[in-house]
Amino acid sequence: MITELAQNEYNPYYLNYIKKAKHDDIVLGLQHSKEEFASFVTNLPEDKWLFSYADGKWTIAEVMQHLIDTERIFSYRALCFARNDRSALPGFDQDDYVPYSNANKTTKKEMLADFLAVRESTISLFKRLTPDMSARIGEASQSPMSARAVGYIIPGHQQHHFEVINERYL
């Protein structure tokens, strides 16, 4: 299905994330990436939770909260598009969210529970989308986006940050 995405279903900015999605089946991709990331976070040493590799860079806790926040926003977008809501949805500035997230005061266990709850909700949404619903296109951040593009962006975005954490934090 990834190969079925047309260029008008997403802003080119998201192509890198879409390419990092590992499954053509959206639900399987969301489930697999949930399990992979949950295992990674569970096994992450506690002393790395609040580690940042450079001044001004996020801690791993903040990266995790960013993934959760982004998934919530993108899942809402997919829901709106699937339901044929024609409202232009706003963008969001990820850097503005972090200082107000309280991520560095949240335990790894609490954050993981939140991540798993959000992902289960996302999986439930995509399980119920018909092919027609999934292909519907709306507008977010002044660009077109389909519900199914969101289904690839979410695990691809997670994979991107997984790679960054492995390269720069561990």
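Further up the page is the structure itself.
Fair warning: this is a prediction, and the values are worked out from it, not measured in the lab. Each chain carries its own residue numbering, running from 1 in the written order of its sequence. Per-residue local features of the predicted model are confined to residues with pLDDT of at least 70, and side-chain atom pairs are confined, for both listing and counting, to 80 or more; whole-chain, interface and lining totals are unaffected and use all residues. Side-chain descriptors were evaluated using all non-hydrogen atoms of the structure, hydrogens and water having been removed beforehand.

Asks: Would you mind showing me how to read the packing of helix H2 (residues 26-43) against helix H5 (residues 108-127) here?
Replies: When two helices pack together, their arrangement is given by the angle between the helix axes and by the axis-to-axis distance. Here an angle of 0 to 180 degrees is reported between the N-to-C directions of two axes, which are lines fitted to C-alpha atoms, with helices fitted over the stretch in contact. Each helix corresponds to a stretch of at least 4 residues labelled H or I by DSSP, and each strand to a stretch of at least 2 residues labelled E; elements are numbered beginning at the N terminus. It is the contact of H2 with H5, at a shortest axis distance of 10 Å, that shows an interaxial angle of 175°. Here H5 runs roughly antiparallel to H2, going by the angle between their axes. Contact residues: Ile26, Val27, Leu30, Gln31, Ser33, Lys34, Phe37, Ala38, Val41 and Thr42 in H2; Lys108, Leu112, Phe115, Leu116, Arg119, Glu120, Thr122, Ile123, Phe126 and Lys127 in H5. Residue type decides the class: Asp, Glu, Lys and Arg count as charged, Ala, Val, Leu, Ile, Met, Phe, Trp, Tyr, Cys and Pro as nonpolar, and the leftover types, Gly among them, as polar. Of the residues that constitute the contact of H2 with H5, the class distribution is 11 nonpolar, four polar and five charged. Orientation categories follow fixed angle ranges, with anything under 35 degrees roughly parallel, anything over 145 roughly antiparallel, 65 to 115 roughly perpendicular, and all other angles oblique. Contacts: residue pairs with any heavy atoms within 4.5 Å of one another.

Asks: Would you mind showing me how to read the packing of aromatic side chains here?
Replies: Both the distance between ring centres and the angle between the ring planes are used here to describe each pair of aromatic rings. Only rings of Phe, Tyr and Trp enter the pairing, Trp through its six-membered ring, and a pair is recorded when the two centres are within 6.5 Å. The plane angle decides the type: under 30 degrees is stacked, over 60 is edge-to-face, the rest tilted. With the rule as written, the count across this model stands at 11 aromatic pairs. Ring geometry for Phe37 against Phe115: centres 5.5 Å apart, planes inclined by 50°, an arrangement best described as tilted. Within this pair, whereas Phe37 is found in helix H2, its partner Phe115 is found in helix H5, the two being separated by 78 residues in sequence. For Phe115, a relative accessible area of 1% puts it in the buried group. Measuring from ring centre to ring centre gives 5.0 Å for Tyr53 and Tyr169, while their planes differ by 85°; the resulting arrangement is edge-to-face. Highlighted residues: Tyr53 in the loop between H2 and helix H3 (60-82) and Tyr169 in helix H7 (residues 147-169), separated in sequence by 116 residues. Categorising residues by exposure relies on relative accessible area from a 1.4 Å probe, with only protein chains included: less than 20% of the type maximum marks a residue as buried, more than 50% marks it as exposed, and the intermediate range marks it as partly exposed. A relative accessible area of 29% places Tyr53 in the partly exposed class. Among the residues examined, Tyr169 registers a relative accessible area of 4% and is labelled buried. A connected cluster of aromatic rings, assembled from ring pairs, spans Tyr13, Tyr14, Tyr17 and Phe74. Above the plane of the ring of Phe51 lies Lys48, whose end atom (NZ or CZ) is 4.5 Å from the centre. The criterion for a charge sitting over a ring is simple: Lys NZ or Arg CZ within 6 Å of the ring centre, and within 35 degrees of the ring normal. Sitting over the face of the ring of Phe74, Arg77 holds its NZ or CZ atom 4.5 Å from the ring centroid.

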